[in-house]
Amino acid sequence: MTDQVKIFDTTLRDGEQAPGCSMNLREKIEVARALERMRVDVIEAGFAISSPGDFESVRAISQAVRDCTVASLARASVKDIDAAWEAVKVAADPRIHVFIATSPIHMEYKLRMKPEEVLEQTEAMVAYARRYCSNIQFSAEDATRSDLDFLAKVCAAAIRAGATTLNIPDTVGYTTPAEMRARIEYLRAHVPGADDVVFSVHCHNDLGLAVANALGGVLGGARQIECTVNGLGERAGNTALEEVVMAMRTRPDLYPVTTRLDATQIYRSSKTVYSVIGQKAPLNKPIVGANAFAHESGIHQHGVLANKATYEILTPEAVGVHTNNIVLGKHSGKHAVEERLKYLGYNLSPEELLACFEEFKVLCDKKKSVTDTDLEALAEQRAVAEETAVEGGYQLDWFSVHTSNFTTATCTVSLLRDGQRFEDVCLGDGPIDAAFNAIDKIVQPAPHSFDIYNIHSISEGKDTLGDVTIKLMSEGRTYTGKGLSTDIMEASITAYIKAINKLCAATEQRKGESA
Ligand code: KIV
Ligand code: ZN
């Protein structure tokens, strides 16, 4: 058996299915690029049949990514498999991921199928997928609540029909590490042809055991782990990529396996994913939370100063967290900013660097010192802006707000578009509402609701940058805008205009298509 464990990332499928984590096409491509840079083995790009949007994004990711296998999920049905293949066939290494449930409760109440029918369907549909592509993954949904002998029969049928990876999902987060290990060991010992395929584990975190259960699977001989960045996913989430990879790297004595992942990209990828979904890592999130490497207590600080290993089992640098925070200021030149960005893992093109440097200079006028966290936010914001900009949209010219705790807030907004100026004024329930009302009056966008409106502070201090994410919902699609400024009104207005520009562009496109 190989000692290489494949990292199968399903942030864009299982992760994206979670409430509040939906991403639009451009955001998915940005995340796929981060995953490719981090060198995951497989990117599950989506569930092609589930919607035209999903199909489109699986196809776009298949085209954009060259260095990873790209998979699409498909139920064990002809239509699903056809759609999956149509979407992934342009990938450098396409994979079709076929699944069907195998637990008594799922077969009886969800599928309304007898076990023999599930067995037949598995063999027929894996064989059908195999006609398209040699890289076929089969998953037995709810495998950890399935009868073990029946599960072994289903796995054997999938192998006979040509599956190359067999995934054992703990769909409802029910199993334990020892049980997962035993299940994989049993299947490897009893399923004919088991030596010729890769066993995989896919764990949900309902009992907080997803990482531990995946590691149990590895001890049992699984050589693929399905996981998501930051542990995103249905309900309590999936196995967190950063945690499971660093657990294996930190304890090679227990897990004598390797992965091809570039762990120094973990922190950056985590930030990209949090930024796209408009959330921030909980402070105590393992590996990527702000406190993950912070030592507050005197005893701990004393120990770490004497020898880091007293309280640190892995270094922040190993996952791309840089702790020697050099502070830049208004006298720092472009070269210093470029060097610092490189050190933080951002290799920007000359144009991107110039834009970032200009924003840095503006920030220096507003903020006493610019930290690494600020610089990262500028670079990240630039990456998102490049990836998701709408050409010819509205831009903020200026705004003026009047508010107090005894009058109704009023905001006047001036926007620019194609060299023309548009101004309007509105009242609102507070200054933000007044500003958004004024923008709506000017732009008159299609009806929409707010899916997310989040404000985060980038660093400490009252002059910190405010990072605003807005996700608007209209006709089942989300439109994201981000804004970054020391003034949260400005950050909010910028984010709203960007989201509205995307909504308007989509409305225009739809009108064009139906004309
Ligand atoms: O949790 C699950 O069972 C899944 C499968 C479709 C792999 O996500
Ligand atoms: Zn799942």
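Just above sits the structure.
Computed from a prediction, not measured in an experiment: that's the story for all the values here.

Before going further, it helps to spend a moment on the coordination of the zinc ion (ligand 2). Around the zinc ion (ligand 2), the protein contributes the donor atoms Asp14 (OD), His202 (NE2) and His204 (NE2), which lie 2.0 to 2.1 Å from the metal centre. Look at where the donors of the zinc ion (ligand 2) fall in the sequence and you get D-x187-H-x1-H. Highlighted residues: aspartate 14 in helix H1 (residues 11-15) and histidine 204 in the loop between strand E7 (198-203) and helix H9 (210-220), separated in sequence by 190 residues. In this pair, the class of aspartate 14 matches that of histidine 204, namely buried.

As a further point, take the sheet that holds strand E12 (residues 449-457). Adjacent strands of a sheet form backbone hydrogen bonds with each other and so pair up, either parallel or antiparallel. Strand order in the open sheet formed by 3 strands is E12-E13-E14, and the pairing between neighbours is antiparallel. A single partner strand is all that each edge strand has here, and the edge strands are E12 and strand E14 (477-485). Strand after strand, the sheet turns through a mean of 10° between neighbouring axes, direction not considered. Strand direction decides the pairing type here: strand E13 (residues 466-474) and E14, joined by 9 bridges, are antiparallel. Opposite aspartate 467, over in E14, you have leucine 484 as the bridge partner. Across the sheet, helix H17 (residues 488-514) touches E12, E13 and E14, and the angle it forms with E14 is around 150°.

By the definition in use, this model includes 0 disulfides. Of all cysteine sulfurs, the one in cysteine 203 lies closest to cysteine 155, which takes part in no disulfide; the gap is 15 Å. Among the residues examined, cysteine 155 registers a relative accessible area of 1% and is labelled buried. In this structure cysteine 227 is a free cysteine whose sulfur lies 10 Å from that of cysteine 203, the closest cysteine sulfur available.

A few words now on the packing of helix H16 (residues 431-443) against H17. In the contact formed by H16 and H17, the axes pass within 10 Å of each other and the chain directions differ by 30°. Taken together, the axes of H16 and H17 are roughly parallel relative to one another. Crossing handedness for the pair H16 and H17: right-handed. Touching Pro431, Ile432, Ala435, Phe436, Ile439, Asp440 and Val443 of H16 are Met489, Ser492, Ile493, Tyr496, Ile497, Ile500 and Cys504, all from H17.

Let us now look at the site of ligand 1. Neighbouring ligand 1 are the residues Arg13, Asp14, His97, Phe99, Ser139, Glu141, Asn167, Pro169, Thr171, His202 and His204. One of the side-chain nitrogen or oxygen atoms of arginine 13 is found 2.9 Å away from an oxygen atom of ligand 1. Residue aspartate 14 places a side-chain N or O atom 3.1 Å away from an oxygen atom belonging to ligand 1. For ligand 1, the accessible surface in isolation is 260 Å², of which the surrounding protein chains cover 95%. Taken together, the elements giving at least two residues each to the shell around ligand 1 come down to H1, strand E4 (94-101), strand E5 (136-141) and strand E6 (165-170). When grouped by side-chain class, the residues that make up the shell around ligand 1 number 2 nonpolar, 6 polar and 3 charged.

Criteria and cut-off values
Residues numbered from 1 in each chain as written. Chains lettered and ligands numbered in written order. Predicted model: local features only at pLDDT ≥ 70, side-chain atom pairs only at ≥ 80, totals over all residues. Heavy atoms only, no water. Donors = N, O, S within 2.8 Å, 3.2 Å for Na, K, Ca; no water. Helix = DSSP H or I, 4+ residues; strand = E, 2+ residues; numbered from the N terminus. Buried < 20%, exposed > 50% of the residue type's maximum accessible area, 1.4 Å probe, protein only. Pairing = 2+ DSSP bridges. Axes fitted to C-alpha atoms, helices over the stretch in contact; angles between N-to-C directions. Contact = heavy atoms within 4.5 Å. Disulfide = S-S within 2.5 Å. Parallel < 35°, antiparallel > 145°, perpendicular 65-115°, else oblique. Left-handed = near helix turned anticlockwise from the far one by under 90°. Near = heavy atom within 4 Å. Polar contact = N/O pair within 3.5 Å; in protein donor to acceptor, adjacent residues only side chain to side chain. Areas by Shrake-Rupley, 256 points an atom, 1.4 Å probe, with all protein chains shown as cover. Nonpolar A, V, L, I, M, F, W, Y, C, P; charged D, E, K, R; others polar.

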